[in-house]
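Now for the letters of each chain:
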Amino acid sequence: MTAIRSGSGLTSFVGFFVLIGVLLLPCGAATPAGESGPIALTGALIHTLTEEGTFVGNLVVRDGKIEAIGADLPIPDGIEVIDLTGYTIVPGLIDCRSVLWLTKAAIRESSSRGALSILDGVDPWLSDWREVSRQGVTAVSVQPNDRGSLGGHGSVLRVAPARSVSDLVILDEASVQSSLGIVGRSSRDRFSQFERLRKALEAVIDGRDPGSLGGSAPTTGTNRSPRGGPPQRGDFRRGGRRPQRSSAPSQPDRTKELLQEVVDGDQPLRLEVHHPDALGWAISLATELDIDLVLEGISDPGRALSRLASSGIPVVVGPIWELGAIPDHRKKRKDGWFTRVTSSGSRWALGTFGSEGRSSRFLRVQAAAAVAEGAKPEDVLCALTKSAAEILGVGDLLGTLAEGKQADLAVFAGNPLDPATSTRLVMSRGQIVHESESTPGPATPPTPVDFPSDLPTAYGIHSERVLIEGNFRPATMMVREGRITSLGASPGENEIRIIDVGSAPVVPGLVAAHSYLGQLESVTDDTESDASQFRSIDVADLTTPETKGMVRGGFLHIGFAPSSGNTSAGVMSTLHLEATDPVGNATSCGKFVLTDSARSRDRYPSSLGGQINLLEEIFSGRTSETRLHLPMNAAALLVADRKKNVGAVLSGDRPAVFAAESRAEIGAALDLIERFKLRGALLGPVKVIDFLDRIRSLDVAIIARPVAPEDYDSYPANLAKAAARGIRVVFAGDSPAKIRTTAALAVEAGMTEEKALLGLTGTAADVLGMAAGTARLQVGGPASFVIWTDSPLNLGARPTSIVVEGVIVDEKKMKP
Amino acid sequence: MKLAFSIFWGALFAVLAFFWTDSSQARSILYKAAIVHTMTGNPLQPGEVFVQDGKIVAVGKSVVVPSDTKVVDLGDVTLLPGFIDAYSQVGLAGGSDESTREVTPGFSTANVIDWKDVNFREALAEGTTTLAASPGTQNVIAGISCVIKTAGTASMRMIQSDGALLLSLCSDPAQGNRSRSRPDSIYIRQPTNRMGVVWILRSAFDHASRNLPFESGAMIRESLQGKRPVFSVSRTTYDLNSLLALGEEFSFSPVAVGGHEAYKMAPRLSKAKVPVILGPLSTGGGQGPEETEPIWNQAGILSRAGVELALAGGNLLTQARFAHRFGLTRELALKAVTRQPAELLRVADRIGSLAPGLDADLVAFDGDPLEFTTAIRWVMVDGIIYEQQEEGGSNEENDL
């Protein structure tokens, strides 16, 4: 339905511009994409990834290729020039494990017959490539689903507008898919899968029929041919079938062809393994049979690590930060797997291993995660470009910027490995596929600094970037006996040692405004949905791996919450991790839940309406008894404690945190906050956009839950809009990486860095009612701070030294 | 050449857009139509409706308006009040029942509306401008419905947050409840059969009317005394008989919702002055847990017996067309989706007919509204016109 408001002319006014826009569109798009003339890109910092290294210079693109590149390259006359002074050019990024361009059915499909060609599942009309392209990704490697023991051909595709499959193809038969241990969990399963693969390959080498591999039925998907035979190749053919090299049986089975190609070295076998035993077997297979192997997955290199290093087998790793649902075979990944695999000396590239096409847009988030895990930025950039191209067999076309190479490149307004850096321009085969206005920022990747491993009782720290109230300023911070004694431009006491950390940021301990610290079970109770009497502080265990992970990740202040299983969930507390007294505020907020996590058909309430009624009863003091059968004394204590805790919320002493996600839930939470005049905060409000005015007028804070892949497009933008209206936005989550990712994506979506940094520090402390000076660098406050390699909003940054109350936290103690 | 062409079209559109902007800025508009069904008397042929700031200012064969008023001549169009669905579950979020309890008079649907529910748009598209978002039938005393517009800004859309009290005098609340069948659970839900339904209702009414302590007893008592309408979902003759009996016993006047078998006892309902909200009208097999037997001409039978009749449950236009085709008079078929539900919901002073002071909720038909091939040209809610969306087009501005 279309509205014409008689009351206001706004609609028609907007309509007018839309009309004009539509009208002018054909003119703008008159030049068909892909036929752009020669272009010169000038004045940018160019990472060539070749022996030429990195320099400021020019680059000329003609006919889809790089015609010339150099520091003092003269620009030919009459050629279009794009001035990119201050920007950074890198080769187009490559996602080595993607499902971009694949139809939903094709993403599921796998087979153990090898008859699949992934190109048959490619739909060039899908539009998610734009989001991927916007991140500077110009090529992706796609292959059949990883469940097959010999799943068919994978291909390397462009990330660009296409009219046909052939427009997209960079390399058709790029690799042969295989996996060990994705189906089945036991060592025996893995070994039998390995044995089948080995025997088949040996048979082909000896010129025998390798037989069928791993059963006749496809493992998943719908690729069974209607004729009842094995799946046939579909529509995409590049000019007939190649001659069969092995003896043809009555029914052609491409599996043998495929194996022959692997044995001949025409294309590598891409083998996904996760367990150390399967990794060991895979390495043996490659060395004994002398076949090209590319390994991927690898959750735990285990004992096979040194053999992996000496074998020279390249690996495709990822995802380093899990952003969506984690498949079973990746659930047991051990902390530090990434560093162990990539520091072994093997050549490596990154894959997003996404479950949907648009997942590839997280490639730079994964790259940042790699940097945060300790990989050198230059190595990560190489993994995204040069190494990726070589491992995929397209090194002659892609991966470096040099004369004659395909003009696939990305221009960033700063450090390419920071996902918050915006993309200025993306080019695929010389065609500009994404362009945006952006102002160039600093392009230098962060480097760690030297910091003493022990600190005296009194010292000073000087940095060019001390985070004070959301802004980085040069300052010297004096610390004595765990407290900040002065904070200014020059040191106050001359005899005291000043540690100069240069431009490394000094940041107060970050705040996770809502977290379970991996203790969800101990904060869950499902006897009665009014659990107002429970206090999370009473079960806080500060020795869990998640707690240590928070400290390692620079998060020193936690809003520790009872679970969302009850409508009145209980009392949140704040923790100051690693402090002499880690209990900050034992009774910081009341938590109330309107999401469906607190609905149960087996007890009241089972609906949103019931949850609202229950909270109305609780807030108006109408619940005077428990439904539990308790001894009289216990019941009286229970009811008294409930009243006390709810009373503290009603009086405004404690804020009320409402878990609310959908529109109706958010609306109901705001109604309750307004009606009972609560100091409110909304936890995880996804559909928040319609309520910003009300949230602002009620002075309600937003505690943002980590961004999920499905709301990547809207959620960070909504948070940015909320912050722009003056709403306090703070961040929640159980992992430092996810919390920072949410904040960084909000910045990319338009939130100011100041507001995002305040949301990670001082504002969050205010929202949760933490003691004055918490999560802030201010005189008189605790000297709890973290030296970072770069701003925490740069996902590639990581903490190098963590100081709590003036004392360095022993890194060894924090190891998992 | 191409550029010149574009400039020409751009200029043309700019001119058109100017007029368009100008026209919609008018706050008062006089609509002239071939037929205007006011629902307060005989249709006006032709008729004029004068709309100002979202309200109807005047209706008549010829309305005198200030000279600078914008006049829109709709030609052959027939104008009707916007349709009203007196029993709907559209827009409810987070569950339409609080099914862990049997008696939930405090369950207020006004709390749980998702104003952007896509079903509002569907209802609007077929001319429904107002609906009563009602709780489901899992509980014996289910809760309170609210009366809301299907379009407009959220703050304006709530007409009556304290609508009707919904009872489920039918077998629905007993579905799936088994006494002592779940020894592993302390949770046993009542009622377990239809007798239990009536027992819970009767004892709740009894407690409430005698001021005995009972959850939300005051609210039930007020409802029985007539503070708000009491709707009861009752489909079979025996449920309807129980409803009449309870009505006499506790002296309240209920409205029967559903009423598929009401036609079998039309004279008795008429005598007891119990209106029936029929619907959804269909003969597609037995309905509800009781497998009731609706027939096509039940609306006609009820109206001839003198029972007040509204149609509800979605697809109002289609229902009215079928009801007319199978025996309901033209006027009553239109009334059953406009003025009658407004009266039953006690919001007739706001909506349901075309009269001065009422909301400007209109439906414009290209011809006879009860003819199956007639298209809706547009629907107006509070003076704002919503047009049928062009195929494939969508307008962000009016995303409901």
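Calculation criteria
- Residues numbered from 1 in each chain as written.
- Chains lettered and ligands numbered in written order.
- Predicted model: local features only at pLDDT ≥ 70, side-chain atom pairs only at ≥ 80, totals over all residues.
- Heavy atoms only, no water.
- Helix = DSSP H or I, 4+ residues; strand = E, 2+ residues; numbered from the N terminus.
- Buried < 20%, exposed > 50% of the residue type's maximum accessible area, 1.4 Å probe, protein only.
- Contact = heavy atoms within 4.5 Å.
- Areas by Shrake-Rupley, 256 points an atom, 1.4 Å probe, with all protein chains shown as cover.
- Pairing = 2+ DSSP bridges.
- Axes fitted to C-alpha atoms, helices over the stretch in contact; angles between N-to-C directions.
- Core = buried A, V, L, I, M, F, W, Y, C linked by side-chain atoms within 4.5 Å.
- pLDDT = per-residue confidence, 0-100.
- Salt bridge = Lys/Arg side-chain N within 4 Å of Asp/Glu carboxyl O.
- Phe/Tyr/Trp six-rings, centres within 6.5 Å; stacked < 30°, edge-to-face > 60°.
- Lys NZ or Arg CZ within 6 Å of the ring centre and 35° of its normal.
- Parallel < 35°, antiparallel > 145°, perpendicular 65-115°, else oblique.
- Nonpolar A, V, L, I, M, F, W, Y, C, P; charged D, E, K, R; others polar.
- Arc of directions from axis to C-beta.
- Polar contact = N/O pair within 3.5 Å; in protein donor to acceptor, adjacent residues only side chain to side chain.

Looking only at helices and strands, chain A has 22 helices and 33 strands in total. Each of the 816 residues in chain A was classed as buried or not, and the buried ones make up 59%. Counting only contacts in chain A whose residues sit at least 6 apart along the sequence, the fraction spanning at least 24 positions is 69%. When the accessible area of chain A is evaluated, it comes to approximately 31700 Å², of which 50% is carbon and sulfur surface.

Looking now at the overall build of chain B. Of regular secondary structure, chain B possesses 11 helices and 19 strands. Every one of the 400 residues in chain B was classed for burial, and the buried ones make up 55%. Of the contacts formed within chain B by residues at least 6 apart in sequence, a portion of 66% connects residues at least 24 apart. Of the roughly 16700 Å² of accessible surface on chain B, a fraction of 53% belongs to carbon and sulfur atoms.

Moving on, we come to the pairing of strand β25 (residues 568-576) of chain A. Residues and elements named next belong to chain A. Taking burial as the measure, the 9 residues of β25 include 9 buried ones, the bulk of the element. Relative to β25, strand β24 (residues 555-560) is paired through 4 bridges, and the arrangement is antiparallel. Across the sheet, residue His-557 finds its bridge partner in β25, namely His-576.

Bringing the sheet that holds strand β3 (residues 47-52) of chain B into the picture now. Residues and elements named next belong to chain B. The 4 strands lie next to each other as β4-β3-β1-β5, forming an open sheet whose pairing is mixed. Where the open sheet ends on each side, the last strands, each with one partner, are β4 (55-60) and β5 (70-73). Across the sheet, the mean angle separating the axes of adjacent strands is 20° when strand polarity is ignored. Of the pairings in the sheet, the one linking strand β1 (residues 28-33) to β3 comprises 6 bridges and is antiparallel in character. Considered in β3, the bridge of Leu-30 is made with Phe-50.

Moving on to the nonpolar core. Ranked by internal contacts, the top residues of the largest apolar core, which has 194 residues, are Leu295(A), Val380(A), Phe619(A) and Phe658(A). If you look at the next biggest cluster of nonpolar residues, it comprises 61 residues, including Val103(B), Leu167(B), Ala208(B) and Ala323(B).

So, on to the sheet that holds strand β30 (residues 729-731) of chain A. Residues and elements named next belong to chain A. The mixed open sheet is built from 8 strands, whose spatial order is β23-β24-β25-β26-β27-β28-β29-β30. Edge positions in the sheet fall to β23 (510-515) and β30, since each of these pairs with one other strand and no more. Sheet twist, expressed as the average angle between the axes of neighbouring strands with direction ignored, equals 25°. The sheet contact formed by strand β29 (residues 701-704) and β30 spans 3 bridges and is parallel. Its bridge partner lying in β30, Ile-702 is registered against Val-729.

Mean pLDDT over chain A works out to 85, with 87% of the residues at or above the 70 mark. Long-range and interchain partners of residues 1-34 of chain A, a stretch whose pLDDT sits below 50, account for 65 contacts in this model, where long-range means more than four residues apart.

Scanning the entire structure with this criterion turns up 50 salt bridges over all chains. The partner of Arg358(A) in a salt bridge is Glu131(A), with the nearest N and O atoms 3.3 Å apart. In this pair, Arg358(A) is assigned in the loop between β14 (348-350) and α10 (363-372) and Glu131(A) in helix α3 (residues 129-133), connecting sequence segments 227 residues apart. Judged by relative accessible area, Glu131(A) falls into the buried class, the value being 19%. Where salt bridges share partners, they join Lys55(B), Lys149(B), Arg350(B), Asp359(B), Asp361(B) and Asp382(B) into one cluster.

Residues and elements named next belong to chain A. The omega torsion of the bond from Gly-318 to Pro-319 falls at -15°, within 30 degrees of zero and hence cis. In this structure, Arg-429 is a non-glycine residue whose phi angle is positive, near 50°. Phi at Glu-578 takes a positive value of approximately 70°, unusual for a residue other than glycine. Structurally, Glu-578 can be placed in the loop between β25 and β26 (589-593).

Considering all chains together, one arrives at 15 aromatic pairs over all chains under this definition. Relative to Phe658(A), the ring of Phe619(A) lies with its centre 6.4 Å away and its plane at 70°, an arrangement referred to as edge-to-face. Placement of Phe619(A) in helix α14 (residues 608-619) and of Phe658(A) in strand β27 (residues 656-659) is noted, with a sequence separation of 39 residues between them. For the pair Phe83(B) and Phe365(B), a centre-to-centre distance of 6.2 Å together with 35° between the ring planes defines the contact as tilted. Of this pair, Phe83(B) sits in strand β7 (residues 83-88) while Phe365(B) sits in strand β17 (residues 362-365), and the two are 282 residues apart along the sequence. Taken together, Phe592(A), Phe619(A), Phe658(A) and Phe676(A) form an aromatic cluster joined through their ring pairs. Over the face of the ring belonging to Phe472(A) we find Arg465(A), whose NZ or CZ atom lies 4.9 Å from the ring centre.

Here the focus is the packing of helix α5 (residues 187-205) of chain A against helix α7 (residues 276-289) of chain A. All names here are of chain A. Look at α5 against α7: their axes get within 10 Å of each other, and the N-to-C directions meet at 10°. Between α5 and α7, the crossing angle belongs to the class labelled roughly parallel. Mapping the contact onto sequence places Ser-187, Arg-190, Phe-191, Phe-194, Leu-197, Arg-198, Leu-201, Glu-202 and Ile-205 in α5 and Asp-277, Ala-278, Trp-281, Ala-282, Leu-285 and Leu-289 in α7. For the contact of α5 with α7, the residue count by class is 10 nonpolar, 1 polar and 4 charged.

To continue, consider the pairing of strand β19 (residues 471-480) of chain A. Residue and element names in this part refer to chain A. Where strand β18 (residues 458-468) meets β19, 9 bridges bridge the pair, whose relative direction is antiparallel. Among the inter-strand pairings, Tyr-459 is bridged to a residue of β19, identified as Val-479. One ladder, built from 5 bridges, connects β19 with strand β20 (residues 483-488); its direction is antiparallel. Pairing of Arg-480 across the sheet is with Arg-483, part of β20. Taken together, β19 and the strand that follows it, β20, pair antiparallel across an intervening segment of 2 residues, in which Glu-481 is found at a positive phi of about 45°.

Position of His37(B) relative to the elements: it lies in the loop between β2 (35-36) and β3. When sequence neighbours within four positions are dropped, the list of residues in contact with His37(B) reads Pro43(B), Thr78(B), Leu79(B), Leu80(B), Pro81(B), Glu331(B), Leu334(B) and Leu354(B).

All right, on to the packing of α5(A) against helix α6 (residues 254-264) of chain A then. All names here are of chain A. Running from N to C, α5 and α6 point in directions that differ by 75°, and their axes come no closer than 9 Å. With respect to their mutual orientation, α5 and α6 come out roughly perpendicular. Facing Ala-200, Leu-201, Val-204 and Ile-205 of α5, the residues of α6 in contact are Leu-259, Gln-260, Val-262 and Val-263. Here the contact of α5 with α6 is composed, by residue class, of 7 nonpolar, 1 polar and no charged.

Another point: the environment of His329(A). Residues and elements named next belong to chain A. Note that His-329 resides in the loop between β13 (315-317) and α9 (337-342). Each C-alpha atom, one on His-329 and one on Gly-297, is 9.3 Å from the other, the two residues being 32 residues apart in sequence. Every residue in contact with His-329, bar those within four places of it in the chain, is listed here: Asp-146, Ile-182, Glu-272, His-274 and Ser-299.

All right, on to helix α2 (residues 118-125) of chain B then. Along an α-helix, residues three or four apart share an orientation, since each turn contains 3.6 residues. All names here are of chain B. Here α2 has its buried residues at Phe-120, Ala-123 and Leu-124. Projected down its long axis, α2 carries its buried residues within an arc of 100°, all on one side. On the buried face of α2, the contacting elements are β8 (128-133), β10 (146-149), α3 (154-157), β18 (376-381) and β19 (384-387). For α2, the N-terminal capping position is held by Asp-117, with its side-chain oxygen 2.9 Å away from the main-chain nitrogen of Asn-119. At the C-terminal side of α2, Gly-127 shows a positive phi close to 95°.

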